[in-house]
Amino acid sequence: VAEIAMAPASRPPTATPLAASSSRIDSPSLKAALAMALIHYKRLPSTTAASVGTSSPPLIHWKRKAKERKREILRLREELKLLQDGVRGEAMEPPVASCRCHFFDGCSDLQPPPPTGGGEHWVDEVLRRRFLRLEFNSEDEIQQLSLSTDFLVELSDGIFAKRESCSTFATFSHQAVNFILSLLKNILLSKREKELVEEIIDGLVTRLMKRMCTIPENAGPVDCSDAQFNVQHLFRKLGNEEFIGQRIILAVSQKISNVSESLLLLDPFDDSFPDMHGNMFIMIQLIEFLISDYMKIWLCCEQFDKKIFEEWVRSILKARKDLEVVENINGLYVVYIERVVGRLAREVAPAAYQGKLDLDVFSKLLC
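Residues numbered from 1 in each chain as written. Predicted model: local features only at pLDDT ≥ 70, side-chain atom pairs only at ≥ 80, totals over all residues. Heavy atoms only, no water.

Colleague: How do you make sense of the packing of helix H10 (residues 273–299) against helix H11 (residues 306–325) when you look at a structure like this?
Modeller: How two helices pack is summed up by the angle between their axes together with the distance between the axes. Packing of H10 against H11 leaves a shortest axis separation of 13 Å and a crossing angle of 150°. In terms of their interaxial angle, H10 and H11 are classed as roughly antiparallel. In terms of crossing hand, the pair formed by H10 and H11 is left-handed. On the side of H10, the interface is formed by Met-280, Ile-284, Ile-287, Ile-291, Met-295, Trp-298 and Leu-299, while H11 contributes Phe-309, Trp-312, Ile-316 and Leu-323. Residue classes in the contact of H10 with H11 are distributed as 11 nonpolar, no polar and no charged. (Axes fitted to C-alpha atoms, helices over the stretch in contact; angles between N-to-C directions. Helix = DSSP H or I, 4+ residues; strand = E, 2+ residues; numbered from the N terminus. Parallel < 35°, antiparallel > 145°, perpendicular 65-115°, else oblique. Left-handed = near helix turned anticlockwise from the far one by under 90°. Contact = heavy atoms within 4.5 Å. Nonpolar A, V, L, I, M, F, W, Y, C, P; charged D, E, K, R; others polar.)

So this is what it looks like as structure tokens:
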């Protein structure tokens, strides 16, 4: 019994695991760490909720900024195209090309038969692939419109460079014109970015008109009237849309006034003098085509722009006065423009009485 009683006393007391863990829990550093963790945990849900509540406005803000930047880039691209084209156009002048053709003469002869040997030029294939990629991409209609106008201008450059319309020109230009008209119709119905769309269309009209009324420097004695005829035909097809057609007439009538002033100052023995006569007739002819083809259709459009309508009517009347000044140079100018003004007066008479045109402007057409 004594041995049993003395046995526990002979062994040193050992700490149990429970006692060790309780001593660690009572540690001040652990208590402080737990307290900090609890504080951070309590703050976490409130921070998350605040971030959820405030993340939406910055996101909308930056999306808006991105859209504005994209619109600005498109606008700057259009301005750059016009500047580059203007520099190239000034280098082309004063040589210009005449057009002795009539629109309906030899329409079946516009497209020559494809060559028997070899395929198309590689540039045509690049343009075709680029346009097909554009046609099946429906992300941004305004950007597509800008690229489509570039494509059409490149096509017109191609026919001037080759001195003839290649076998792919009719197909690609047809697709490009239809694509531009379809895109523009959708954009106008949605009433989005009208100012930017106006810049794109005005740029297209300016660039195509420069090609219709000029020839490259290295053209030499080669006749480019067929290429001019094709560009005029592109204008006529694009004019199916009132938004484009009215701007074409405005730009062309202003160009007629500028050319008439140049004729007064130009030496009659200058080599470019006969070519300027040809340009004058092809521009007057284009206005006549657009008025006879689409004037009644434009007047029935719900989105008919009365302001630009009256603007280009006044511009045509000014062009008539300017051509009367150079009547001694070529009396056919006045005869041709009088025929156009008479046709215009007949077409717009109903619109004038319906209030779509200022009666004062209409009375000037009748003078």
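Next comes the rest of the account.
Colleague: Hey, could you run me through the packing of aromatic side chains in this one?
Modeller: The geometry of an aromatic ring pair is captured by two quantities: the separation of the ring centres and the angle between the planes. Following the criterion strictly, the structure yields 6 aromatic pairs and no others. Taken together, the ring pairs connect Phe-281, Tyr-333 and Tyr-336 into an aromatic cluster. The ring of Phe-289 carries Arg-236 above its face, with NZ or CZ at 4.2 Å from the centroid. The ring of Phe-243 carries Arg-247 above its face, with NZ or CZ at 3.9 Å from the centroid. (Phe/Tyr/Trp six-rings, centres within 6.5 Å; stacked < 30°, edge-to-face > 60°. Lys NZ or Arg CZ within 6 Å of the ring centre and 35° of its normal.)

Colleague: What am I meant to see in the pattern of salt bridges here?
Modeller: Pairing between side chains becomes possible if they bear opposite charge and their charged atoms approach one another. Taken as a whole, this structure holds 10 salt bridges when the rule is applied. Linked by salt bridges that have partners in common, Glu-198, Asp-202 and Arg-247 make up one network. (Salt bridge = Lys/Arg side-chain N within 4 Å of Asp/Glu carboxyl O.)

Colleague: What is the right way to look at helix H8 (residues 225–238) in this model?
Modeller: For an α-helix, the turn length of 3.6 residues means that residues three or four places apart are oriented alike. Its 14 residues give H8 an end-to-end C-alpha distance of 20 Å, which sits within 8% of 20 Å, the value for a rise of 1.5 Å per residue. Among the 14 residues of H8, 11 are classified as buried, and the element is accordingly described as predominantly covered. Taken residue by residue, H8 has Ser-225, Ala-227, Gln-228, Phe-229, Asn-230, Val-231, Gln-232, Leu-234, Phe-235, Arg-236 and Leu-238 as its buried positions. (Expected span 1.5 Å × (residues − 1). Buried < 20%, exposed > 50% of the residue type's maximum accessible area, 1.4 Å probe, protein only.)

Colleague: Looking at this model, I keep getting lost on helix H13 (residues 359–366). Mind explaining?
Modeller: Listed as buried for H13 are Val-361, Phe-362 and Leu-365. Seen end-on, H13 carries its buried residues on one side only, within an arc spanning 100°. Buried residues in H13 make contact with H11 and helix H12 (332–353). (Arc of directions from axis to C-beta.)

Colleague: Is there a simple way to think about a nonpolar patch on the surface in this case?
Modeller: Together, Leu-264, Leu-265, Val-325 and Ile-329 give the surface a local cluster of nonpolar side chains, amounting to about 390 Å² of exposed area. If you trace the backbone, Val-325 turns up in helix H11. (Patch = residues over 30% accessible without salt bridge, like charges linked within 9 Å, V, L, I, M, F, W, Y side chains within 5 Å. Areas by Shrake-Rupley, 256 points an atom, 1.4 Å probe, with all protein chains shown as cover.)

Colleague: Which parts of the structure should I look at to understand the nonpolar core?
Modeller: Generally speaking, soluble globular proteins have nonpolar side chains that are buried together. Among the nonpolar cores identified, the biggest contains 84 residues, and Leu-152 and Trp-312 are the most heavily contacted of them. Top contributing element to this core by residue count: H10, with 14 residues. Those residues within four positions of Leu-152 in sequence are excluded, and the remaining contacts are Ser-173, Ala-176, Val-177, Ile-180, Leu-204, Leu-208, Leu-234 and Leu-238. (Core = buried A, V, L, I, M, F, W, Y, C linked by side-chain atoms within 4.5 Å.)

Colleague: Which parts of the structure should I look at to understand the environment of Phe-229?
Modeller: Inspection of the secondary structure assignment puts Phe-229 in helix H8. A relative accessible area of 3% means that Phe-229 is categorised as buried.

Colleague: Is there a simple way to explain the side chain of Glu-288 in this structure?
Modeller: Mapped onto the secondary structure, Glu-288 falls in helix H10. Glu-288 sits in the buried class, given a relative accessible area of 15%. Within the structure, the side chain of Glu-288 is placed 3.1 Å from the side chain of Tyr-336, a separation counted as a polar contact. Setting aside its immediate chain neighbours within four residues, Glu-288 contacts Tyr-336, Arg-339 and Val-340. (Polar contact = N/O pair within 3.5 Å; in protein donor to acceptor, adjacent residues only side chain to side chain.)

As far as function goes, none of this settles anything; it's purely spatial.
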